[in-house]
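Inside the fold
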Amino acid sequence: MSPVLEVRDLRVRFGAMAAVRGIDLAIERGQTHCLVGESGCGKSVSALAVMRLLPRGAKLEAGAIRFADEDIARLPERAMRRLRGDRMAMIFQEPMTSLNPAYTIGSQMTEVLRTHRGMGRAAAVERAEAMLARVGVSAPGMRLGQYPHQLSGGLRQRVMIATALLCEPDLLVADEPTTALDVTVQVGILKLLADLKRDLGLAMLLITHDLGVVARIADVVSVMYAGEIVEHAPAGQLFAEPLHPYTRGLLRAIPVPGKVKRGEKLATIPGIVPRTEAGFRGCAFRDRCGFATYECAEPIAARVEGAHRWRCRLEAGWREAA
Amino acid sequence: MLRFLLRSLLLGALVCSTVLVASFLLSRASGNLAINIAGPEASAEAIAKIQHELGLDRPLPVQFYDWAARAAHGDLGRSFLFHEKVSSLIATHFPVTFRLGVFAIVLALVVALPLGIAAALLEGTMFDIAIGAVALLGQAMPSFWLGLLLIIWFGIDLHWLPIAGVETWTGYILPSFVLAFVAIPVILRLTRSGMVDAMRADYVRTARAKGLSRASIVLKHALRNAAMPVVAVSAVQLGFILGGSVVVEVVFNIHGLGYLAWESIGKGDFPVVQAVVLLFSLIFVGLTVASDLVSALLDPRVRGA
Ligand SMILES: Nc1ncnc2c1ncn2[C@@H]1O[C@H](COP(=O)(O)OP(=O)(O)OP(=O)(O)O)[C@@H](O)[C@H]1O
Ligand SMILES: [Mg+2]
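Residues numbered from 1 in each chain as written. Chains lettered and ligands numbered in written order. Predicted model: local features only at pLDDT ≥ 70, side-chain atom pairs only at ≥ 80, totals over all residues. Heavy atoms only, no water.

With respect to the packing of aromatic side chains
Note the following rule: Stacked, tilted and edge-to-face pairs are distinguished by plane angle, under 30 degrees for stacked and over 60 for edge-to-face with tilted covering the rest, among Phe, Tyr and Trp rings (Trp via its six-membered ring) whose centres lie within 6.5 Å. In DSSP terms, a helix is any run of H or I states spanning at least four residues, a strand is any run of E spanning at least two, and both are numbered starting from the N terminus. The rule is simple: take the accessible area with a 1.4 Å probe, protein chains only, and divide by the maximum for that residue type; under 20% is buried, over 50% is exposed, in between is partly exposed.
Taken as a whole, this structure holds seven aromatic pairs over all chains when the rule is applied. Between Tyr246 of chain A and Phe285 of chain A, the ring centres sit 5.2 Å apart and the planes meet at 65°, which makes this aromatic pair edge-to-face. You can see Tyr246 of chain A sitting in helix H11 (residues 245–252) and its partner Phe285 of chain A sitting in the loop between H11 and strand E11 (303–305), a full 39 residues away along the chain. Just as Tyr246 of chain A is buried, Phe285 of chain A falls in that class too. Note on Phe177 of chain B and Phe181 of chain B: the rings are 5.7 Å apart at their centroids and 50° apart in plane angle, and the pair reads as tilted. Within this pair, Phe177 of chain B and its partner Phe181 of chain B are both found in helix H8 (residues 173–200), separated by four residues, close to a single helical turn.

Given below as C-alpha cells:
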C-alpha cells in the first residue's frame, strides 16, 4: 500500500535562512507520525508546507509532496483549496485564536460541509452535531449556537478536531494540538486523537516538542534538528535505541517518574541551534555534540538500517563510550 | 448588555449638560443681547428695560434653569433675527444638513472600505503605499479649500455641477464629497490596519486550512472582525461630518443647520445658537452611544456579557 503522504527532499527558505533543509517523510493510513524537535527547528514550517499554507516570505524551494496520487508541491491554489479541509485537514496549537471570535461554532463547522460537499443547512448542522458528539463534546446541539469565547480551551480544541474531520480526510496534520492545554485536558485530547486515527484510518502528522506525547501516541518518529530530520524510526525502536547523539540528548532531557531525584536538574543539551543559511554543510549539531570530530563538517550521508534512518557518521559503538 | 447601555446613556447625558452649560456661558459672555436689540444709541434705561423684559438681569444660574426648563418642555424660544420660533427654524434647516451628512458618510464608506481592503490585501505593494500617501494628503487638506477648488473645477470651468444651493439633488454632490473627504482617510486607514491584522490572525489561517474560497476568507472571516472598529468610527465620523457642515454649507451657500448657526453667531442671535448647539451635541452623543451599541452588538464577546 502506498503511503497517504510522501514528502521528498522538502526545502523551505525565508530569504537567506533555510528553515527546512531537505526532509523526507512518509505516512501510511492508520499511522501516527510524530515530528519532534526543539523550538525553531522547522516543524511548523514543514507542516504548513505540506498543507501549502506557508506564510508570505516563505519560499517552497524544492521537493515533492505526493498526496492523493499527485505531486501537490506545485499544485495551483485553486486545486489546493479543494483538497484542504476535505482530503487533508489541519489543527493548530492555539484553540483560543484559531476559531473566529465573530461566528458561532455551528457556522464555522457547517461552512466546511457547504463548501466541499455542497450540503444544505439542515444536513450540515446534523452532521456537525454528530461529529461534535463523536469527539466527546457534551450537548453538541447547544454548542453549535455558542461562540468560541463561551468554550473552554479543551472544548475548543475538540471543536477544531471535529471541524477538521467533517469531510473524513485522509490526512490530519496536528501542530502541537495539546501544548496550550492543561495537562489533564492534554491526556483526553491525545486519547481522542489516537481513537480517531484508529477508527477512521487517518494518516496523522503530529507535531510536538514533548517526548511524553510521542511516547503516548506515536507509531513512527522523526526527530528534527535545524531544518533536517536527523533520525527516523518506529517509536519503540527510537526510544530503545537512539542512534543520533541529538536524540539521545533529547531523551535524557525527559523526566522519568521515580528516577529523578528532587532538586536534581534534568540533563539539558548545552549550546545553541546554529542559524542555517543556504549552503550550510555538515552536521548542524556538531557544535553541541560531545563526539564531534572535524569530519562532522563534511556533508553527512543518511544511513539506513531496516526501518531506522539517521544522519550521523559515528559508528554504532559511540554510545558505549558515552 | 443593559448595564452597558445605561452607562453609555448616563455618560451621554453628562456630556450634553456640560456642553449646554458651556455654550450658555459662552453666549452670555460674548456680548449683550439687549444692546444688540436696542441699538448702539439706546439709553441705559432702555437697555435695562429690555434686559428686564428678557429676564437677562437675573442671576445666571436662574437664567440657565429657566432656559433648560423650557427647553425640556420643547420650548426653545424665539429668534430675534428671523422673528420666528427657533423650533420651526430648526425644522426647516435640519433636513438639508441631515441629507448632506448621510450622503457624505455613505460616499465615504463606499470609497474607503474597498480601497482599505485592497490596500491591506496588497500590503507593501506600490498600490498600498500610494493609497497611504493619498490618504495622508487628504487628511492635511482643509475642507474649505477643497470646496473652493471643486467649485472652480466642476462648477465654473466645466459647468458640470451647481456651485451653490441644493435646489436640485446634483447640488449635494460637491458638498457631500468635500465632507466625505475628511472621513475617507480615517475610515480607509482603520479598514486597512484592521484587515492587515485580521489576515494575519490564526482564524484566517484556519479558514485557509478549511479550503474556503478567497472571497469567504476575506469578506466573511477577516472583514467581519476588521469591521467592528470601522462601524464605531464611522458613527463618530458622521458626527464630525455634521459639525463640519458649518464650513461646507457656508462655502456652498446651502441653507442647512450649519449655515443657520454661522449666521446667528455672526448676528448675536443666541437663542438660535444655543438651540443648534443643543441639537448638535444631542446628535453627537446619540451617535457615540449608537456606535458603542452597534460595536457591542457586532462583538459576541460583549453582546453576551
Ligand atoms: N513568518 C516567518 N518569517 C521568517 N522566519 C520564519 C517565519 N516562520 C518561521 N520562521 C523561521 O523558521 C524556522 C522554523 O520555524 P518553525 O515555526 O517551523 O519552528 P517550530 O519547530 O515549529 O518551533 P516551535 O516549537 O517554537 O513551534 C525558525 O527559525 C523561524 O525563525
Ligand atoms: Mg511550531
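So, next bit.
So, the sheet that holds strand E5 (residues 70–71) of chain A
Residue and element names in this part refer to chain A. Worth spelling out the cut-off: Here, any two strands with at least 2 DSSP bridges between them count as paired. Between two residues, a contact is recorded if the distance between any of their heavy atoms is within 4.5 Å. Only the stretch in contact is used when a helix axis is fitted, and all axes are lines through C-alpha atoms; the angle between N-to-C directions ranges over 0 to 180 degrees.
An order of E2-E1-E4-E5 is seen for the four strands of this open sheet, with the pairing classed as antiparallel. A single partner strand is all that each edge strand has here, and the edge strands are strand E2 (17–27) and E5. As paired strands, strand E1 (residues 5–14) and strand E4 (residues 58–67) are joined by eight bridges and run antiparallel to one another. Following the sheet pairing, Val7 is matched in E4 by Ile65. Here helix H1 (residues 43–51) sits on the sheet and contacts E1, E2 and E4; the angle it forms with E1, its principal contact strand, is near 115°.

Some thoughts on the nonpolar core
Keep this limit in mind: Working definition of a nonpolar core: buried Ala, Val, Leu, Ile, Met, Phe, Trp, Tyr and Cys residues. They are joined through side-chain atoms within 4.5 Å. Segment limits for the domains were obtained from an automatic or database-derived domain assignment.
Counting 100 residues, the largest nonpolar core has Met88, Ile161, Leu171 and Leu172 of chain A as its most contacted members. Counting residues per element, this core draws most heavily on helix H7 (residues 153–165) of chain A, which supplies seven residues. Lining this core are residues from two domains, each supplying at least three of them: domain 1 (5–87 + 167–321) and domain 2 (103–163) of chain A. Here Met88 of chain A is in contact with Val50, Met51, Phe67, Ile72, Met80, Leu83, Pro169 and Leu171 of chain A together with Ala209 of chain B, once residues within four sequence places are set aside.

Some thoughts on the interface of chain B and chain A
Basically, it comes down to this: Summed over both partners, buried area is the accessible surface (1.4 Å probe) that two parts give up on being assembled. For this analysis, a polar contact is any N or O atom pair within 3.5 Å, provided that within protein one partner can donate a hydrogen and the other can accept it, and provided that sequence-adjacent residues contribute only side-chain to side-chain pairs. Any residue that is not Ala, Val, Leu, Ile, Met, Phe, Trp, Tyr, Cys, Pro, Asp, Glu, Lys or Arg is counted as polar, Gly included; the first ten are nonpolar and the last four charged.
At the junction of the two partners, chain B supplies 23 residues and chain A supplies 30 residues. Buried surface at the junction of chain B and chain A, both sides included, amounts to about 2200 Å², of which 52% is carbon and sulfur. For the pair chain B and chain A, the number of links is 15 residue pairs in polar contact (both at pLDDT 80 or more). Those elements that place two or more of their residues in the side of chain B that touches chain A are helix H5 (86–121), helix H9 (202–209), helix H10 (214–251) and helix H13 (300–303) of chain B. Looking at which element gives the most residues to the side of chain B that touches chain A, the answer is H10 of chain B, with seven residues. Looking at the side of chain B that touches chain A, its residues break down into seven nonpolar, six polar and ten charged.

Some remarks on the domain arrangement of chain A
By a frequent convention, interface size equals the accessible area lost on bringing the separate parts together. All names here are of chain A. Applicable threshold: We define a salt bridge as a side-chain nitrogen of Lys or Arg found within 4 Å of a carboxyl oxygen belonging to Asp or Glu.
Under the domain assignment used here, chain A contains domain 1 (5–87 + 167–321) and domain 2 (103–163). Look at where the C-alpha atoms of domain 1 and domain 2 centre, and you get two points 30 Å apart. Counting residues at the interface gives 18 residues for domain 1, matched by twelve residues for domain 2. Where domain 1 abuts domain 2, roughly 1200 Å² becomes buried across the two surfaces, and 62% of that area is made up of carbon and sulfur atoms. Connecting domain 1 to domain 2 are three salt bridges. A salt bridge links Arg117 to Asp86, with the shortest nitrogen-to-oxygen separation between them at 2.6 Å. At the boundary of domain 1 with domain 2, the tally comes to four residue pairs in polar contact (both at pLDDT 80 or more). Mapped onto the side of domain 1 that touches domain 2, the elements with two or more residues apiece are helix H2 (77–83) and helix H8 (183–200). Across the side of domain 1 that touches domain 2, the residue classes tally to eight nonpolar, two polar and eight charged.

Digging into the environment of Ile217 of chain B
Residue and element names in this part refer to chain B. Tracing the backbone through its elements, the reader meets Ile217 in helix H10. Along the chain, Ile217 and Ala22 lie 195 residues apart, while their C-alpha atoms are 49 Å from each other. When residues no more than four places from it in sequence are discounted, the contact partners of Ile217 are Met199, Val204, Ala207, Arg208, Leu212 and Ala222.

Describing the state of the cysteines
All names here are of chain A. To be explicit about the condition: Sulfur atoms of two cysteines make up a disulfide when they are within 2.5 Å.
This structure, assessed with the given rule, holds zero disulfides over all chains. Left unpaired, Cys34 is separated from the closest cysteine sulfur, that of Cys41, by 13 Å. Exposure remark for Cys34: the relative accessible area of 0% places this residue in the buried category.

As for the pattern of salt bridges
Enumeration over the complete set of coordinates arrives at 24 salt bridges over all chains. The closest approach of N and O atoms between Arg87 of chain A and Asp170 of chain A, which form a salt bridge, is 3.2 Å. Remark: Asp170 of chain A occurs in the loop between H7 and strand E7 (171–175) and Arg87 of chain A occurs in the loop between H2 and strand E6 (88–91); sequence separation between them is 83 residues. Judged by relative accessible area, Asp170 of chain A falls into the partly exposed class, the value being 28%. The salt bridge partner of Lys220 of chain B is Glu111 of chain A, with a shortest N-O separation of 2.9 Å. Taken together, the positions of Lys220 of chain B in helix H10 and Glu111 of chain A in helix H4 (residues 105–117) put the pair across two chains. Here Glu111 of chain A falls in the buried class, since its relative accessible area comes to 6%. Salt bridges here are not isolated pairs; linked through shared partners, they connect Arg134, Lys191, Asp195, Arg198 and Asp199 of chain A.

Details of helix H6 (residues 126–140) of chain B
Residues and elements named next belong to chain B. Applied cut-off: In this scheme, a helix's expected span is set at 1.5 Å multiplied by one less than its residue total. In this description, the arc belongs to the directions extending from the helix axis to the C-beta atoms.
Its 15 residues place the ends of H6 21 Å apart at the C-alpha level, agreeing with the 21 Å of an ideal helix rising 1.5 Å per residue. Of the residues making up H6, those classed as buried are Asp128, Ile131, Ala135 and Gly138. Along the long axis of H6, the arc covered by the buried residues comes to 90°, so they all point the same way. Exposed residues pointing more than 90 degrees away from the buried face of H6 are listed as Met126, Leu136, Leu137 and Ala140. As for H6, its buried residues are in contact with H5 and H8.

Topic: the sheet that holds strand E3 (residues 32–36) of chain A
Residues and elements named next belong to chain A. Taken in spatial order, the eight strands of this open sheet run E6-E7-E8-E3-E9-E10-E12-E11, and their pairing is mixed. Edge positions in the sheet fall to E6 and E11, since each of these pairs with one other strand and no more. For this sheet, the mean inter-axis angle between neighbouring strands, taken without regard to orientation, is 15°. Relative to strand E12 (residues 308–310), E11 runs antiparallel, the two being bridged by three bridges. Among the inter-strand pairings, Arg303 is bridged to a residue of E12, identified as Trp310. Along the sheet face, H1 touches E3, E6, E7, strand E8 (203–208) and strand E9 (220–225) and points at about 150° away from the line of E6.

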